[in-house]
Each structure stands twice: as structure tokens, then as C-alpha cells.
Amino acid sequence: MSDLRDDARASFAEVFGATPDGLWSAPGRVNLIGEHTDYNDGFVLPFAIDRRTVVALTVRDDRMLRVASAHAGELVEIDLATLTPERLAPGRLGGWAAYPLGVAWALGQLGADLGAVPGVDLYVDSDVSVGSGLSSSAALECSVALALADTWRLGFDRLTLAKAGRLAENTAVGAPTGIMDQVASLFGESGAGVFLDCRSLDIQQVDLGLADAALEVVVIVTETRHDLASGGYADRKASCELAARTLGLDSLRDLTIDALPRAKALLDDTTFHRARHVVTENQRVLDTVRTLREQGAGAIGDLLDASHRSMRDDFDISTPELDLAVETALANGAIGARMTGGGFGGAAIALVPQQHESLLRVAIDGAFAEHGFGQPDIFRVTASVGARRDA
Ligand code: ADP
Ligand code: MG
């Protein structure tokens, strides 16, 4: 982390020829459980991880926004006066700059007077793997949102910053995602999960108690990449909306497990299976929170396993690589495992007794080699503090 900050400071000086006024950072996240429930007004339980995106920033004396990243080639600049929805429509800005510039625009939509704020130079560095399901996108949005809100003295609360991140992602990037990732990145706490009711936006930090249970969360990042802005994700979201509409509900949050037989009669097969995933996943999140509080992390393994099966069989968003990671983890000491994130590639997580972690790594590496899959990136994550000013 200190390396990342030093790198960001040094690169900022190289690119902009100045010392930054300040440094901010925001973490990526792992979703412990609750997948594709957020945009259905449901429940999620992610946690912020010990991998972060750092933003170095200085105020300019004109109205230009200039953004650069260690992970992107070109420096992008735009006049604040031209930060219009037309300019920010999906695909118009293109590339990574849609995220930070979209956040600036979104802060304006949420009440900031963009006519009265100065321009900034902004440099981004990160150790959150990009495009792997650890939400580098939210880490980027939330670090930029906090940096701009502090710099422009907006006085926004964290929930408003989360909304700005989501609005940027939905509008400027064109990815129809829910608010989970931004809430995890802004409300994370050391050792805790972030239990979010996506309808009421009620947020509760839940002690994960992993250390007490001598458990680790291991992330297995497969080489298959997902692309949220296109294809499967939007298609699943459309199915959920169709199911709710057909059943006369505001959202799938309002469908209960008891009502599933009736839903089956009214929905086509594919839509029914997708709806069933959301309904059962909501219940699994509630069960996980209760189990963590009453019995501790050692008792949530079966819920993680059931979540994976539901995503694999009902929601149809897993991949052979993710299934192999999960099966191999479970056969080598993990007490629970599931794919995490939007699906179609990306990462899986395994809940592993500390003493089995190295065995599990070796077994997964071996299994992937045997199947001719690209070598996965395997590492431990800890539940960490959310977005903050670092310097
Ligand atoms: P995930 O959020 O799972 O990492 P996404 O596809 O949602 O995957 O977001 C990845 C995109 O976010 C990248 O393609 C890039 O445009 C942008 N991004 C994330 N982090 C950075 C960064 N540090 N620098 C530049 N762009 C980034
Ligand atoms: Mg993302």
C-alpha cells in the first residue's frame, strides 16, 4: 500500500510536473454472497479487500479535468463546462476515462455545482486486478468520488458518493450494475462484511470472525475475463425484469420462496430458473448473516456452496474454469467455495482453514494445468477499511 502511494506520487510528478495536493484510496471488493441480487432490490454481503486504487490529485487554476492512470496509455482531458450527458453517453468517451469523468459528472447530477468548482489533475494507480471480478471499477469510482468530494468541499455523505459511482458506471460506461460494489468500497471495515439491503439502502457491518475461526478467504482469479458492459450481464438483468413484470411485482425482491411454484406456471423455463436464483440467493444472504452472528464463519460453507450451484445451474453464469476452481477447492480442504462477481469469467472464492491454504493452491494450480486452462492468480484477501484520504 505504501509502495502504491509512493508510485502514485512519483508518477503524478512525472505526468503533471507537480506534487499532488493529496492522496485518496478505495478498495476493491469480494462478494461473500448475494450475486445478481443488488439490481433486484435484494440483499448482498460483500467485503472490502486489502487491494486498493489510489488517486493523487491537485487543483488547477482553470476548469480542465485531466486524468491519467498507470493502467491506461493516454492522458484524457475535458473542460468541466463540456461535461454533458451527450458527451458522457455510453461509448462516447470510450475507454477507462469514462469512469473518473463520469464520476465528476455524476456528482453534478447529485447536487454539486460544477459551474463553481476548479479543474483538477488526477492520477490513478491500483493493485486491484482489473476486469477480474474484484471490482476495480468501483475502486476507481469511489477513490475518485471521495477525492473530488473532499477537494470540491461538497459535504456529501458516503451513500451519495456510492450513488455517484453507480450513476457514472450506468450512464458514462453503460454497464447496468447495481450499487453493491460502491457500497462495499465506501463502507468496508476491517474484519467485517457489508450487509446491504439494496431496497432500503440500510447498511450494517457484520463481523466475519474469520480469524477466530482460523479461516482464510482465498481468491482464485481465472484467466477468462468478463465484460460487464455487454452481453450476459444485461441479459440476466433483462430476464429478472421480465420475471417481475410478468408476475406483477415491483422487483424480484417481492417474490418469496413459497410463491415459486406459482411463478413456474407463469414464466418460461429460462426466466423461471433465473428468477429462482435471485429468490433463493436473497434467502441465502439472510441465512449467512444470521449464521455468522449465531455460529460464526465455520458454519457458512454450505450456503456458499449452494450459492455456487444456483449460479451454475439456475442463473447460468459460471464457466468451466470457475467450476473447476470451486470443485478443486472443496476437494482440498475448503469448507465452502463459490464464483464471485458478475460471472462469465473472473474470480472464485474459497473459505479455507488456514492450515490447508498452501495445499489448496497447489491443487488448484495442478488441476488447471491438467485441464489446459491458463494459470490462475491465487491469493488471500482480508476484510479491510473502505475509501479514505491517505495523505
Ligand atoms: P472489475 O470491476 O471486475 O475489475 P470492470 O469491467 O467492471 O471489471 O471494470 C474494469 C474497467 O475499469 C477497466 O477496463 C478500466 O476501463 C477501468 N479501470 C479499473 N481500474 C482502473 C485503473 N486503475 N486504471 C484505469 N482504468 C481502470
Ligand atoms: Mg466492475
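Conventions adopted
Residues numbered from 1 in each chain as written. Chains lettered and ligands numbered in written order. Predicted model: local features only at pLDDT ≥ 70, side-chain atom pairs only at ≥ 80, totals over all residues. Helix = DSSP H or I, 4+ residues; strand = E, 2+ residues; numbered from the N terminus. Buried ≥ 20, exposed ≤ 12 C-beta atoms within 10 Å, placed from the backbone. Contact = placed C-beta atoms within 7 Å. Pairing = 2+ DSSP bridges. Axes fitted to C-alpha atoms, helices over the stretch in contact; angles between N-to-C directions. Near = placed C-beta within 6 Å. Nonpolar A, V, L, I, M, F, W, Y, C, P; charged D, E, K, R; others polar. Core = buried A, V, L, I, M, F, W, Y, C linked by C-beta atoms within 7 Å. Domains from an automatic or database assignment. UniProt positions renumbered as here; feature names shortened; annotations may be inferred.

**Here we look at the overall build of the protein chain**
(1) Moving on: Counting secondary structure elements, the protein chain contains 12 helices and 12 strands.
(2) Moving on: Summarising its shape, the C-alpha atoms of the protein chain cover approximately 60 × 50 × 40 Å along the three principal directions.
(3) Moving on: Here the protein chain holds 391 residues, and the buried ones make up 52% of them.
(4) Moving on: Put simply, of all contacts in the protein chain between residues at least 6 apart along the chain, 72% involve residues at least 24 apart.

**As for the sheet that holds strand S8 (residues 215–221)**
For sheets, the rule is that strands pair by backbone hydrogen bonds, running either parallel or antiparallel.
(1) Moving on: If you walk across this open sheet you meet the four strands as S9-S10-S8-S11, and the pairing is antiparallel. Of all the strands in the sheet, the pair left with one neighbour each is strand S9 (336–340) and strand S11 (377–381). Neighbour to neighbour, the strand axes of the sheet diverge by 25 degrees on average, direction disregarded.
(2) Moving on: Pairing geometry for S9 and strand S10 (residues 347–353), over five bridges, is antiparallel. Note that in S10 the partner of Thr340 across the bridge is Ala347.
(3) Moving on: Taken strand by strand, helix H10 (residues 301–314) contacts S9 and S10, and its axis lies near 40 degrees from that of S9.
(4) Moving on: Taken strand by strand, helix H11 (residues 320–331) contacts S8, S9 and S10, and its axis lies near 165 degrees from that of S9.

**Overview of the site of ligand 1**
(1) Moving on: Close to ligand 1 lie 19 residues; Ser69, Trp96, Ser126, Ser136 and Ser137 are nearest.
(2) Moving on: The leading source of residues in the shell around ligand 1 is helix H4 (residues 136–151), at three residues.
(3) Moving on: Taken together, the residues of the shell around ligand 1 break down into eight nonpolar, 11 polar and no charged.

**Considering the nonpolar core**
(1) Moving on: Grouped together as the largest cluster of nonpolar side chains are 116 residues, with contacts concentrated most on Leu101 and Ala350.
(2) Moving on: Residues from two domains meet in this core; each of domain 1 (2–204 + 385–389) and domain 2 (208–381) gives at least three.
(3) Moving on: When neighbours within four sequence positions are excluded, Ala350 is seen to be in contact with Val218, Ile220, Ala329, Ala334, Ala337 and Leu360.

**Considerations on the UniProt feature "domain: GHMP kinase C-terminal" (unreviewed entry) in the protein chain**
(1) Moving on: Here the UniProt feature "domain: GHMP kinase C-terminal" (unreviewed entry) sits at residues 292–357.
(2) Moving on: The span residues 292–357 carries 45% helix and 18% strand; its end-to-end C-alpha distance comes to 21 Å.

**So, the UniProt feature "domain: Galactokinase N-terminal" (unreviewed entry) in the protein chain**
(1) Moving on: Per the UniProt record, "domain: Galactokinase N-terminal" (unreviewed entry) is found at residues 11–57.
(2) Moving on: Secondary structure content for residues 11–57 is 13% helix and 57% strand, while the C-alpha to C-alpha distance between its ends is 11 Å.

**Here we look at unusual backbone geometry**
(1) Moving on: Unlike most non-glycine residues, Leu201 shows phi in positive territory, near 60 degrees.
(2) Moving on: Within the element layout of this structure, Leu201 appears in the loop between strand S6 (192–197) and strand S7 (203–207).
(3) Moving on: We note that Phe344 has phi near 60 degrees; this positive angle belongs to a residue other than glycine.
(4) Moving on: Along the chain, Phe344 falls in the loop between S9 and S10.
(5) Moving on: Overall, the presence of 22 C-beta atoms within 10 Å leaves Phe344 in the buried class.

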